[in-house]
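In case you want the letters, here they are:
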Amino acid sequence: MRALEQAIDLAAAFEASTNPYMLLTPDLRYAGMNAAYLTAVGMQRDQLIGRPIFDIFTGGEDAEGEENLRQLKASFEKVLTTGDRDHLALIRFAMPVTDANGVTTHEERFWSASHTPLHDAAGNIVLILQHTSDITELERLRRSRDDAPLVSALDMILGGGVMTRAHAVQEDNRRLETERNRLVEMFMQAPGFVAILSGPQHVFQLHNDAYARIVGRGDIAGKTIREALPDLEGQGYFELLDSVYATGEPYEGKGASVTFRPEGSDRDISRNVDFLYQPIRDGAGKVVGIFVQGHDVTETVHAAQRQKLMIDELNHRVKNTLATIQSIAMQTARSHEDPKTFAESFQARLMSLSHTHDLLTRSHWEGADLRAVLEHETAAHGPTRIVLNGPPLALGPAAALSLGMIFHELATNAAKYGALSDPDGRVFVDWTVANQASRTLKVIWREVGGPPVEAPTRRGFGSRLIERNVRHDLAGEAKLSYASDGFIAEFSIPLDRDSQHNG
Amino acid sequence: MAEGLTGRRILVVEDESLVAMLLETILEDMGAIPVGAIATVDEALEVVADDPLLDAALLDVNVAGKEVFPVAEALKAKGIPFVFSTGYGEGGLPDHWRGQATIQKPFTEDAVKAALFKALGVAQV
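Reading guide: rules and limits
Residues numbered from 1 in each chain as written. Chains lettered and ligands numbered in written order. Predicted model: local features only at pLDDT ≥ 70, side-chain atom pairs only at ≥ 80, totals over all residues. Helix = DSSP H or I, 4+ residues; strand = E, 2+ residues; numbered from the N terminus. Buried ≥ 20, exposed ≤ 12 C-beta atoms within 10 Å, placed from the backbone. Contact = placed C-beta atoms within 7 Å. Pairing = 2+ DSSP bridges. Axes fitted to C-alpha atoms, helices over the stretch in contact; angles between N-to-C directions. Expected span 1.5 Å × (residues − 1). Left-handed = near helix turned anticlockwise from the far one by under 90°. Nonpolar A, V, L, I, M, F, W, Y, C, P; charged D, E, K, R; others polar. pLDDT = per-residue confidence, 0-100. Parallel < 35°, antiparallel > 145°, perpendicular 65-115°, else oblique. Right-handed = clockwise from strand over helix to strand, strands pointing away.

Here we take up the overall build of chain B. Secondary structure summary: chain B contains four helices and seven strands in total. Order of helices (α) and strands (β) in chain B, N terminus to C terminus: β-α-β-α-β-β-β-α-β-β-α. By residue count, 47% of the 125 residues in chain B fall in the buried class. In chain B, the share of contacts with a sequence separation of at least 24, taken over all contacts with a separation of at least 6, comes to 59%.

Written as structure tokens, this is what we have:
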């Protein structure tokens, strides 16, 4: 009895409610509705009972109407398939209105609705209860606002009308939410840096890991850029952002230099970045934020700088080498009146220099081994005639070039006047490294079995080159002894000088 | 031809002996007296400080990895004219020294002579 009374009370309350309610059968025909519903739709009860709801509601002629019908159907289907309640937060639905002259027009209304399944004892859905609120006035009010301060830069950037559409396309909401999350996820994982700044003060609304990494700070969300990155002050970036925000003109930076002072660090870090400041606009075209994206091009910029330095250095070395060859040509010419012997002598010196260059090129100009330099310069005279004896020793480029030229002159001289001019003559080259604290290379070039030696009457280019090179280029000492039983050259060369650079 | 340089003592700062020998030969051919050649900036500064009889100098811009400009400053302070020699080309000199008489490696005798005349303010006949 009590249950019946309750049912009667509930039915009365349902009928009396100012909120529109209606009940649909699972095949979407009207099973019942209250007075408020009839008022809202402007129909009589007997016009509706038993009729399919979509005979009554056609949604108007336009595309949005069709879309809304689709949404409504989808919501019912969802309730029927899942057995769960479904909500439509906002749906525009044109209602047929018949005026005093009997002319029917459609009037645009905005609704919010929830659809609740009612089950029988076996759990089958027997009815769908629709609870509707007419929010037309509210929605009109919302839409009439010119400026929409609640529209965030993030909402606007996430696919332009995504959020706007979300209002109309309620069924898509979850999918859009997923899409939005996926976009955010993509931002977060992008290899380049990405940030979204909102409002004229450029408040960090979103930034990805790459952004936090390059600025060296993690606690920037919700702060203005001036608060978050005070280390950028004076570098022009704040002013650029202000200008992009004010003018709506995007700004693109190429290889721009930027200096960060990471949190808790006392050291500045300079990077080069390619970046874009892209204004974000709301539906009315007003700038509401700035999309920042870019990537670190420090390595590329450095590589370009290194390349320029290398080209400058190469040019410098080539010019120096040319000056060296010029000198060799001039000095050689002075000791050879005969063009034929000049050419031979000059070529031999050129080839010697070239050989040492080859050796250095193999080590990327880091240096060359002393024995390799010696072998290059003495190979032409046969492997058994010059005996090399000493430890492996890495020479810097300048020392390798100097010693290459020196040994070339010694070998040439030995072949012309010394031990190598006699088939039984030999040359012994011994070297040691003395004084490990301040290493000194000692080299002795000793000729035996050659013709009797006489000191030259005038110093030729060869001996001047040897002495000058050792003293001047290698800061060492040279002693040339014209002993009667064989020529001896002794060198003492410091190995660990600060610079071996050829200027 | 080269009377303006006869007997002039010219400091040569150049770290590469072959290039130094070339400059010495050119200077001797012009009747000048080469002083040096000096292979480091420090030694060159000593010579500039100690030798009261220098008439001019030829300065390699990069001497054993160091810039020669302190030597140039010392010479300027003493009013001794000088000529830069460089393998770096026109752009190799900092703005401060632009316009200074300069010879580019490799150089001809005429170029060395002309630059020295310019630095010494001697009219070339």
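Next, the rest of the story.
All names here are of chain A. Taken together, five strands build an open sheet; the order of strands is β7-β6-β10-β9-β8 and the sheet is antiparallel. The strands lining the two open edges of the sheet, one partner per strand, are β7 (203-207) and β8 (251-260). Pairs of neighbouring strands in the sheet enclose a mean axial angle of 30 degrees, with direction left out of account. Pairing analysis gives six bridges linking strand β6 (residues 193-198) to strand β10 (residues 287-296), with the strands arranged antiparallel. Residue Ser198 lies in a different strand from β10, and its bridge partner there is Gly289. Its contacts with the sheet place helix α12 (residues 237-247) against β6, β8, β9 (269-281) and β10, and it is angled at close to 15 degrees to β9.

Each partner contributes to the interface: chain A provides 21 residues, whereas chain B provides 21 residues. When contributions to the side of chain A that touches chain B are tallied by element, the ones reaching two or more residues are α13 (298-335) and α17 (461-473) of chain A. Ranked by residues supplied to the side of chain A that touches chain B, first place goes to α13 of chain A with 13 residues.

Residue and element names in this part refer to chain A. Here five strands make up an open sheet; going across it, the order is β12-β14-β15-β17-β16 and the pairing mixed. Of all the strands in the sheet, the pair left with one neighbour each is β12 (386-389) and β16 (477-483). Strand after strand, the sheet turns through a mean of 10 degrees between neighbouring axes, direction not considered. Bridge count for strand β14 (residues 426-434) against strand β15 (residues 440-448) is nine bridges, and the pairing is antiparallel. Note that in β15 the partner of Val429 across the bridge is Trp445. Sitting on the sheet, α17 is in contact with β16 and β17 (486-494), with an inclination near 150 degrees to β16.

With that settled, the discussion passes to unusual backbone geometry. For the bond from Gly36 of chain B to Ala37 of chain B, the omega torsion is 0 degrees, close enough to zero to count as cis. Mapped onto the fold, Ala37 of chain B is located in strand β2 (residues 33-38). Residue Ala475 of chain A is not a glycine yet carries a positive backbone phi of 50 degrees.

It is worth spelling out helix α1 (residues 17-29) of chain B at this point. Taking 1.5 Å per residue, 13 residues should reach 18 Å; α1 of chain B reaches 18 Å between its end C-alpha atoms and fits that length. Residues of α1 of chain B that are buried include every one of Ser17, Leu18, Val19, Ala20, Met21, Leu22, Leu23, Glu24, Ile26 and Leu27 of chain B, and no others. Residues of α1 of chain B that are buried in the fold lie against α13 and α17 of chain A together with β1 (9-13), β2, β3 (56-60) and α4 (109-120) of chain B. Backbone geometry just after α1 of chain B places Gly31 of chain B at a positive phi near 85 degrees.

A few words on α17 of chain A. Taken residue by residue, α17 of chain A has Phe461, Gly462, Leu465, Ile466, Arg468, Asn469, Val470, His472 and Asp473 of chain A as its buried positions. At its buried positions, α17 of chain A is contacted by α13, α16 (397-416), β16 and β17 of chain A together with α1 and β2 of chain B. Trailing α17 of chain A by a residue or two, Ala475 of chain A shows a phi angle of about 50 degrees, which is positive.

Looking now at the packing of helix α14 (residues 339-362) of chain A against helix α15 (residues 370-378) of chain A. All names here are of chain A. Where α14 meets α15, the axes come as close as 10 Å, and the angle between the chain directions of the two elements is 145 degrees. Helix-helix and strand crossings are classified by hand; for α14 and α15 the assignment is right-handed. For the pair α14 and α15, the contacting residues are Ser352, His355, Thr356 and Leu359 in the first and Ala372, Val373, His376 and Glu377 in the second. Classifying every residue of the contact of α14 with α15 gives three nonpolar, four polar and one charged.

Here we take up the confidence of the model for chain A. It should be kept in mind that the predicted coordinates are not to be read in detail where pLDDT is low. All names here are of chain A. Mean pLDDT over chain A stands at 83; residues scoring 70 or higher make up 87%. Per-element confidence in chain A ranges from a low mean pLDDT of 48 for helix α8 (residues 162-168) to a high of 95 for α12. Counting contacts from residues 146-150, a segment whose pLDDT is below 50, to residues more than four positions away or on other chains yields one contact.

This brings us to the packing of α16 of chain A against α17 of chain A. Any two packed helices are characterised by the angle at which their axes cross and by the distance between the axes. Residue and element names in this part refer to chain A. Direction vectors running N to C along α16 and α17 enclose 155 degrees, while the axes themselves pass 9 Å from each other. Here α17 runs roughly antiparallel to α16, going by the angle between their axes. Regarding α16 and α17, the two cross each other, and that crossing is left-handed. Of the residues in α17, those touching α16 at Ala398, Ser402, Met405, Ile406, Glu409, Leu410, Thr412 and Asn413 are Gly462, Leu465, Ile466, Asn469, Val470 and Asp473. Taken together, the residues of the contact of α16 with α17 break down into seven nonpolar, five polar and two charged.

With that settled, the discussion passes to the pairing of β2 of chain B. All names here are of chain B. Pairing of β1 with β2 involves five bridges; the strand directions are parallel. Counterpart to Arg9 in the pairing with β2 is Ile33. With α1 bridging β1 and its parallel neighbour β2, the resulting β-α-β unit is right-handed.

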